Amino acid sequence: GETYKAVWSIQFLLGTGSALLIFKISNYFFRPIVGLLASLLFTFYGPNWLYEGTLYRASLTTFLTVASCYGILWASRKPTIARIALSATLLSLVMQCRSNNLFLVPVGSFFIWQTISNQPKNKKVLISLFTAVFILCSIPLLYRGYLVHNHVVFYDQGGPETLLMANLPDYPGRGYGH
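The rules behind these values
- Residues numbered from 1 in each chain as written.
- Predicted model: local features only at pLDDT ≥ 70, side-chain atom pairs only at ≥ 80, totals over all residues.
- Heavy atoms only, no water.
- Helix = DSSP H or I, 4+ residues; strand = E, 2+ residues; numbered from the N terminus.
- Buried < 20%, exposed > 50% of the residue type's maximum accessible area, 1.4 Å probe, protein only.
- Contact = heavy atoms within 4.5 Å.
- Areas by Shrake-Rupley, 256 points an atom, 1.4 Å probe, with all protein chains shown as cover.
- Arc of directions from axis to C-beta.
- Patch = residues over 30% accessible without salt bridge, like charges linked within 9 Å, V, L, I, M, F, W, Y side chains within 5 Å.
- Salt bridge = Lys/Arg side-chain N within 4 Å of Asp/Glu carboxyl O.
- Core = buried A, V, L, I, M, F, W, Y, C linked by side-chain atoms within 4.5 Å.
- Axes fitted to C-alpha atoms, helices over the stretch in contact; angles between N-to-C directions.
- Left-handed = near helix turned anticlockwise from the far one by under 90°.
- Nonpolar A, V, L, I, M, F, W, Y, C, P; charged D, E, K, R; others polar.
- Phe/Tyr/Trp six-rings, centres within 6.5 Å; stacked < 30°, edge-to-face > 60°.
- Parallel < 35°, antiparallel > 145°, perpendicular 65-115°, else oblique.

Undergrad: I keep staring at the overall build of the chain and nothing clicks. Help me out?
TA: Counting its regular elements, the chain contains 7 helices and 0 strands. The buried share of the chain, taken over its 178 residues, is 38%. Taking as baseline every contact in the chain between residues at least 6 positions apart, the subset at least 24 positions apart corresponds to 59%. Just so you have it, the chain exposes about 10900 Å², and 69% of that area is on carbon and sulfur atoms.

Written out as structure tokens, the structure is:
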């Protein structure tokens, strides 16, 4: 039979990384015992377990979502150009992986805006950098969608229905044709 050691290894690494990031995020807001409990409970989330021979994007989406949330927290602690750019890149990757996470973009931008309020002269520059990096990282896939479908699409052909349909665990990542 076929062996799926590479698929299982990748899913194991993504699940482990997600659990560690949940621990770090929980430690940001609570005590370490809460972080340990949160990461332990998170290990029982379905995509952290192995699928049988298929690398679904659910484990990647989960990892990127948790990584982008941690990236936003990390950038807000000590806002540097590199941290802001990395958090915007992670947020763009989440949007490209699962476009129904659209609400995370204004929430992340607002959180960074609020936390860097003690640096008024750099605030506009850092938010502009965040926005520019997010847009620049999003352009290639948006342009590809335009080339494939001959009109502007939101990462796939589904349009607004993607925001609803993409919440299904078996959503294939493309819109349903009518």
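On we go.
Undergrad: It is not clear to me how helix H2 (residues 32-42) should be interpreted in this structure. Could you clarify?
TA: Working note: α-helix, 3.6 residues per turn, so residues spaced by three or four point in the same direction. The set of residues buried in H2 consists of Gly-35, Ser-39 and Phe-42. Take H2 and look down its axis: the buried residues cluster within an arc of 60 degrees, on one side only. Facing away from the buried surface of H2 by more than 90 degrees, the exposed residues are Ile-33, Leu-37 and Leu-41. Buried residues in H2 make contact with helix H1 (5-29) and helix H3 (57-77).

Undergrad: Could you clarify how one ought to interpret a nonpolar patch on the surface in this entry?
TA: Taken together, Phe-29, Phe-30, Ile-33, Val-34, Leu-36, Leu-37, Leu-40, Leu-41 and Phe-44 make up a surface patch of nonpolar side chains, about 940 Å² in accessible area. Counting residues per element, the nonpolar patch draws most heavily on H2, at 6 residues. Position of Val-34 among the secondary structure elements: in helix H2. Residue classification places Val-34 among the partly exposed residues on the basis of a relative accessible area of 32%.

Undergrad: Just checking my understanding: could you explain the side chain of Ser-26 for this structure?
TA: Along the chain, Ser-26 falls in helix H1. Among the residues examined, Ser-26 registers a relative accessible area of 10% and is labelled buried. When sequence neighbours within four positions are dropped, the list of residues in contact with Ser-26 reads Val-34, Gly-35 and Ala-38.

Undergrad: Just to check I follow, could you spell out the nonpolar core for this structure?
TA: A general trend in soluble globular proteins is that nonpolar side chains are found buried together. Membership of the largest hydrophobic core comes to 28 residues, with the highest contact counts inside it found for Val-66, Ile-84, Leu-91, Ile-112, Phe-130 and Phe-134. Secondary structure elements with two or more residues in this core: H1, H3, helix H4 (81-97), helix H5 (104-115) and helix H6 (120-149). Contacts of Ile-84, omitting those with residues within four sequence positions, involve Ala-75, Pro-79, Ile-112, Leu-126, Leu-129 and Phe-130.

Undergrad: Honestly, the packing of H1 against H3 in this entry has me stumped. Any pointers?
TA: Each pair of packed helices gets described by two things: the angle between the helix axes and the distance between those axes. Contact geometry for H1 and H3: axes closest at 9 Å, N-to-C directions at 30 degrees. H1 and H3 meet at a crossing whose hand is left-handed. Along the contact surface, H1 presents Gln-11, Leu-14, Gly-17, Ser-18, Leu-21, Ile-22, Lys-24, Ile-25, Tyr-28 and Phe-29, while H3 presents Ser-59, Leu-60, Thr-62, Phe-63, Val-66, Ala-67, Cys-69, Tyr-70, Leu-73, Ser-76 and Arg-77. Considered class by class, the residues forming the contact of H1 with H3 number 13 nonpolar, 6 polar and 2 charged.

Undergrad: Just to check I follow, could you spell out the packing of aromatic side chains for this structure?
TA: Two numbers describe a pair of aromatic rings. These are the distance of the centres and the angle of the planes. The final tally for this structure, using the stated rule, is 1 aromatic pair. For the pair Tyr-28 and Phe-29, a centre-to-centre distance of 4.8 Å together with 85 degrees between the ring planes defines the contact as edge-to-face. Residue Tyr-28 is classed as partly exposed on the basis of its relative accessible area of 29%.

Undergrad: I keep staring at the environment of Thr-89 and nothing clicks. Help me out?
TA: Residue position: Thr-89 is located in helix H4. A sequence separation of 42 residues divides Thr-89 from Thr-131, and the C-alpha atoms of the two residues are 9.9 Å apart. Not counting residues up to four positions away in its chain, the partners in contact with Thr-89 are Val-133 and Cys-137.

Undergrad: Honestly, the packing of H4 against H5 in this entry has me stumped. Any pointers?
TA: Taken N-terminus to C-terminus, the directions of H4 and H5 make an angle of 165 degrees; their axes are 10 Å apart at the nearest point. Between H4 and H5, the crossing angle belongs to the class labelled roughly antiparallel. When you trace H4 past H5, the crossing you get is right-handed. Taking contact as the criterion, the partners of Ile-84, Ser-87, Leu-91, Val-94 and Met-95 in H4 are, on H5, Leu-104, Val-105 and Ile-112. Among the residues making up the contact of H4 with H5, the classes are represented as 7 nonpolar, 1 polar and no charged.

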